[in-house]
Amino acid sequence: MIRFYFHPSPNPAKVALLLEEAGIAYELVPVDTSKGEQHLPAFRAINPNGKVPAIVDPEGPGGKATSVFDSNAILLYLAEKSGRFLGDPEYRPELLSWLFFVASGLGPFSGQAVHFERMAPELKYAVNRYRREAERHYEVLDSHLAGRRFIVADEYTIADMAAWGWIERAGVVLSGSDDPLAAYPNIKAWFAGIDARPAAQRARTVGGDHPFKATNDEETRRALFPSNYSRDA
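Residues numbered from 1 in each chain as written. Predicted model: local features only at pLDDT ≥ 70, side-chain atom pairs only at ≥ 80, totals over all residues. Heavy atoms only, no water.

*Asks:* Explanation requested: the overall build of the protein chain in the structure shown.
*Replies:* When helices and strands are tallied, the protein chain shows ten helices and four strands. Listing the helices and strands of the protein chain from first to last along the sequence gives β-α-β-α-β-β-α-α-α-α-α-α-α-α. Its C-alpha atoms give the protein chain principal-axis dimensions of about 55 × 50 × 30 Å. Surface summary for the protein chain: the accessible area is close to 11600 Å², and the carbon and sulfur share equals 52%. (Helix = DSSP H or I, 4+ residues; strand = E, 2+ residues; numbered from the N terminus. Areas by Shrake-Rupley, 256 points an atom, 1.4 Å probe, with all protein chains shown as cover.)

*Asks:* What exactly am I supposed to notice about helix H5 (residues 124–144) here?
*Replies:* Think of an α-helix as 3.6 residues a turn; residues three or four steps apart then line up on the same face. The end-to-end C-alpha distance of H5, which contains 21 residues, comes to 30 Å, matching closely the 30 Å that a straight helix rising 1.5 Å per residue would cover. Every buried residue of H5 is listed here: Ala 126, Val 127, Arg 131, Glu 133, Ala 134, Glu 135, His 137, Tyr 138, Leu 141, Asp 142 and His 144. (Expected span 1.5 Å × (residues − 1). Buried < 20%, exposed > 50% of the residue type's maximum accessible area, 1.4 Å probe, protein only.)

*Asks:* Please explain the environment of Leu 145 as it appears in this structure.
*Replies:* The topology assignment puts Leu 145 in the loop between H5 and helix H6 (158–167). Sequence separation between Leu 145 and Ala 25 is 120 residues; the distance between their C-alpha atoms is 32 Å. In this view, Leu 145 contacts Phe 150, Ile 151, Asn 186, Ile 187 and Trp 190; residues no more than four positions away in its chain are not counted. (Contact = heavy atoms within 4.5 Å.)

*Asks:* Would you take a moment to explain the sheet that holds strand E3 (residues 54–57) for this structure?
*Replies:* For sheets, the rule is that strands pair by backbone hydrogen bonds, running either parallel or antiparallel. Read from one edge to the other, the open sheet built from four strands follows the order E2-E1-E3-E4, with strand pairing classed as mixed. Looking along the sheet, the strands with just one partner apiece sit at the ends: strand E2 (26–30) and strand E4 (66–69). This sheet shows a mean twist of 20 degrees between the axes of neighbouring strands, independent of strand direction. Across four bridges, the pairing between E3 and E4 is antiparallel. What sits directly across from Val 56, in E4, is Ser 67. Here helix H1 (residues 10–22) sits on the sheet in contact with strand E1 (2–6) and E2, set at roughly 150 degrees to E1. Its contacts with the sheet place helix H3 (residues 71–82) against E1, E3 and E4, and it is angled at close to 130 degrees to E4. (Pairing = 2+ DSSP bridges. Axes fitted to C-alpha atoms, helices over the stretch in contact; angles between N-to-C directions.)

*Asks:* Hey, could you run me through the pattern of salt bridges in this one?
*Replies:* A side chain with one charge can pair with a side chain of the opposite charge if their charged atoms come near. Applying the stated rule across the entire model yields 17 salt bridges. Measuring nitrogen to oxygen at the nearest pair gives 3.0 Å for the salt bridge that ties Asp 57 to Lys 81. Taken as a pair, Asp 57 in strand E3 and Lys 81 in helix H3 lie far apart in primary sequence, 24 residues in all. Residue class for Asp 57 comes out buried when judged on its relative accessible area of 3%. Here Glu 168 ties to Arg 169 by a salt bridge, and the two come within 2.9 Å at their closest N and O atoms. Taking relative accessible area as the criterion, Glu 168 reaches 24% and is therefore assigned partly exposed. A cluster of three or more residues bridged by salt bridges with shared partners is formed by Glu 117, Arg 131, Arg 132 and Glu 135. (Salt bridge = Lys/Arg side-chain N within 4 Å of Asp/Glu carboxyl O.)

*Asks:* Any chance you could explain H3 here in plain terms?
*Replies:* Its twelve residues give H3 an end-to-end C-alpha distance of 16 Å, which sits within 8% of 16 Å, the value for a rise of 1.5 Å per residue. For H3, every residue scored as buried is listed here: Ser 71, Asn 72, Ile 74, Leu 75, Leu 76, Tyr 77, Leu 78 and Ala 79. Those residues of H3 hidden inside the fold are in contact with E1, H1, E3, E4, helix H4 (92–119) and H6. N-capping of H3 is provided by Asp 70, with a side-chain oxygen placed 3.0 Å from the backbone N of Asn 72. (Polar contact = N/O pair within 3.5 Å; in protein donor to acceptor, adjacent residues only side chain to side chain.)

*Asks:* When you look at the nonpolar core in this model, what are you seeing that I'm missing?
*Replies:* Across soluble globular proteins, nonpolar side chains show a tendency to be buried alongside one another. Counting 59 residues, the largest nonpolar core has Leu 78, Tyr 138, Ile 158 and Trp 190 as its most contacted members. Residues contacting Trp 190, with those up to four places away along its chain left out, are Leu 145, Arg 149, Phe 150, Ile 151, Asp 160, Ala 163, Trp 164 and Ile 167. Within the second largest apolar cluster, eight residues are counted, among which are Tyr 5, Val 29, Val 31 and Val 52. (Core = buried A, V, L, I, M, F, W, Y, C linked by side-chain atoms within 4.5 Å.)

*Asks:* Looking at this structure, I do not really get the packing of H3 against H4. What am I missing?
*Replies:* To characterise two packed helices, one gives the angle between the axes of the helices and the distance between these axes. Interaxial distance between H3 and H4 falls to 10 Å at its minimum, and their mutual angle equals 150 degrees. One way to sum up the angle between H3 and H4 is to call them roughly antiparallel. On H4, the residues touching Asn 72, Leu 75 and Leu 76 of H3 are Leu 96, Leu 99 and Ala 103. For the contact of H3 with H4, the residue count by class is five nonpolar, one polar and no charged. (Parallel < 35°, antiparallel > 145°, perpendicular 65-115°, else oblique. Nonpolar A, V, L, I, M, F, W, Y, C, P; charged D, E, K, R; others polar.)

*Asks:* Before we go on, may I ask you to explain unusual backbone geometry in this structure?
*Replies:* Across the junction of Val 52 and Pro 53, the peptide omega takes the value 5 degrees, indicating a cis bond. Residue placement: Pro 53 occurs in the loop between helix H2 (41–44) and E3. A positive phi is found at Asp 70, a non-glycine position, where the angle reads about 80 degrees. In this structure, Asp 70 sits in the loop between E4 and H3.

Structure, rendered in structure tokens:
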């Protein structure tokens, strides 16, 4: 059984969706990042980068336990292990391109847009920079999805799952609108199709019974953004 280290945020959500879609048995291990549990030595032994998600597969290559971190690496690993959601090999270059578009563009810029808007709204340049870049990535994806059901060819793949994890938070990333996807009709139609899947509905409930900390206090800020603080502070 896969051990799935989880916090309710976009990157773990991608992995939850794949686990539910593929029917892979897993044990949920909550990691309360607002309390700093991602920095504990036991978790750092699994992910030296101290972020969720991460998994431990007790039956990894050669039958040995192995850990995998970074949500997109986990998606690739589990898709290859299960033999599902990788699409036609003919389209593998396109799959990898869009998967890493989410990994290096859509996800990080969306995250930074939310960070600066919430944590440093006085930094107008940074707020504008990351919000506009998030919107630009939405525009790229929206243009690509014109006339398409899925991101790669006509198959539901891990590229869709990776993007779903972030587009699900469009209301936070593109705050200020009751309908944040109105300007991106192709994304809106694609997202509705993915979001209606039973596995997506199950993925939304993962970890819902765990009392994750919701207060944004000094402990939370130090846990989430340790590089903002002096090591001696």
